[in-house]
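This is what each chain is made of:
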Amino acid sequence: MEDNSPHKIIRKEICFRGHVQGVGFRYRAKYAAGGCGVTGWVKNEWDGSVLMEAQGTNEQINEMLKLINQSPYIQIDDLNYHEIPIVAYERGFHVR
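In this report, the structure presented in the accompanying data block is examined. For clarity, every value in this text was computed on a predicted model and none was experimentally measured. (Residues numbered from 1 in each chain as written. Predicted model: local features only at pLDDT ≥ 70, side-chain atom pairs only at ≥ 80, totals over all residues. Heavy atoms only, no water.)

## Quick word on the packing of aromatic side chains
Two numbers describe a pair of aromatic rings. These are the distance of the centres and the angle of the planes.
Stage number 1. One pass over the structure, following the stated rule, counts one aromatic pair.
Stage number 2. Above the ring of tyrosine 81, the side-chain terminus of lysine 12 is found at 4.4 Å from the ring centroid. (Phe/Tyr/Trp six-rings, centres within 6.5 Å; stacked < 30°, edge-to-face > 60°. Lys NZ or Arg CZ within 6 Å of the ring centre and 35° of its normal.)

Here it is as structure tokens:
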């Protein structure tokens, strides 16, 4: 039976496209993740996108995304994600 509990820990790989590099995206993501209890990492990609792995509850991850999107400098035109296996014992959220 699948666990659809709101407290279930999941991990998402998320790719952001738009005006997301050179605007403080990664550091805003680190701050938002820390405030929401999300672990993982974020990094710029060579093609101008930003790649993130975020681990927490679905609610925590969604709240983090809302906080990132509140920046007047960040413009997310496209966001693609899929669930990936969780990383046991991960601590913190890091900029790569």
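## A word on the packing of helix H1 (residues 25-36) against helix H2 (residues 58-69)
The description of two helices packed together rests on the angle between their axes and the distance between the axes.
Stage number 1. Viewed as axis vectors pointing N to C, H1 and H2 meet at an angle of 140°, and their least axial separation amounts to 9 Å. In terms of orientation, H1 and H2 fall into the oblique class. As H1 runs across H2, the sense of the crossing is right-handed. Residues Phe25, Arg28, Ala29, Ala32, Ala33 and Cys36 of H1 touch H2, and the partners they reach there are Gln60, Glu63, Met64, Leu67 and Ile68.
Stage number 2. In terms of residue class, the contact of H1 with H2 is built from eight nonpolar, one polar and two charged. (Axes fitted to C-alpha atoms, helices over the stretch in contact; angles between N-to-C directions. Helix = DSSP H or I, 4+ residues; strand = E, 2+ residues; numbered from the N terminus. Parallel < 35°, antiparallel > 145°, perpendicular 65-115°, else oblique. Left-handed = near helix turned anticlockwise from the far one by under 90°. Contact = heavy atoms within 4.5 Å. Nonpolar A, V, L, I, M, F, W, Y, C, P; charged D, E, K, R; others polar.)

## Points about the pattern of salt bridges
Stage number 1. One pass over the full model with this rule turns up four salt bridges.
Stage number 2. The partner of glutamate 53 in a salt bridge is arginine 11, and the shortest N-O contact between them spans 2.9 Å. A residue pair is termed long-range when its members are at least 10 positions apart, and glutamate 53 in strand E3 (residues 50-56) and arginine 11 in strand E1 (residues 10-19) qualify at 42 residues.
Stage number 3. The exposure class assigned to glutamate 53 is buried, which follows from its relative accessible area of 14%.
Stage number 4. Salt-bridge contacts for arginine 17 lead to aspartate 47; the nearest nitrogen and oxygen are separated by 3.1 Å. Here the residue arginine 17 occupies a position in strand E1, and aspartate 47 occupies one in the loop between strand E2 (39-44) and E3, the gap between them amounting to 30 residues.
Stage number 5. Residue arginine 17 is classed as partly exposed on the basis of its relative accessible area of 37%.
Stage number 6. One continuous salt-bridge network, built from bridges that share partners, spans Arg11, Glu53 and Glu90. (Salt bridge = Lys/Arg side-chain N within 4 Å of Asp/Glu carboxyl O. Buried < 20%, exposed > 50% of the residue type's maximum accessible area, 1.4 Å probe, protein only.)

In short, the description is geometric, and any link to function would need to be established separately.
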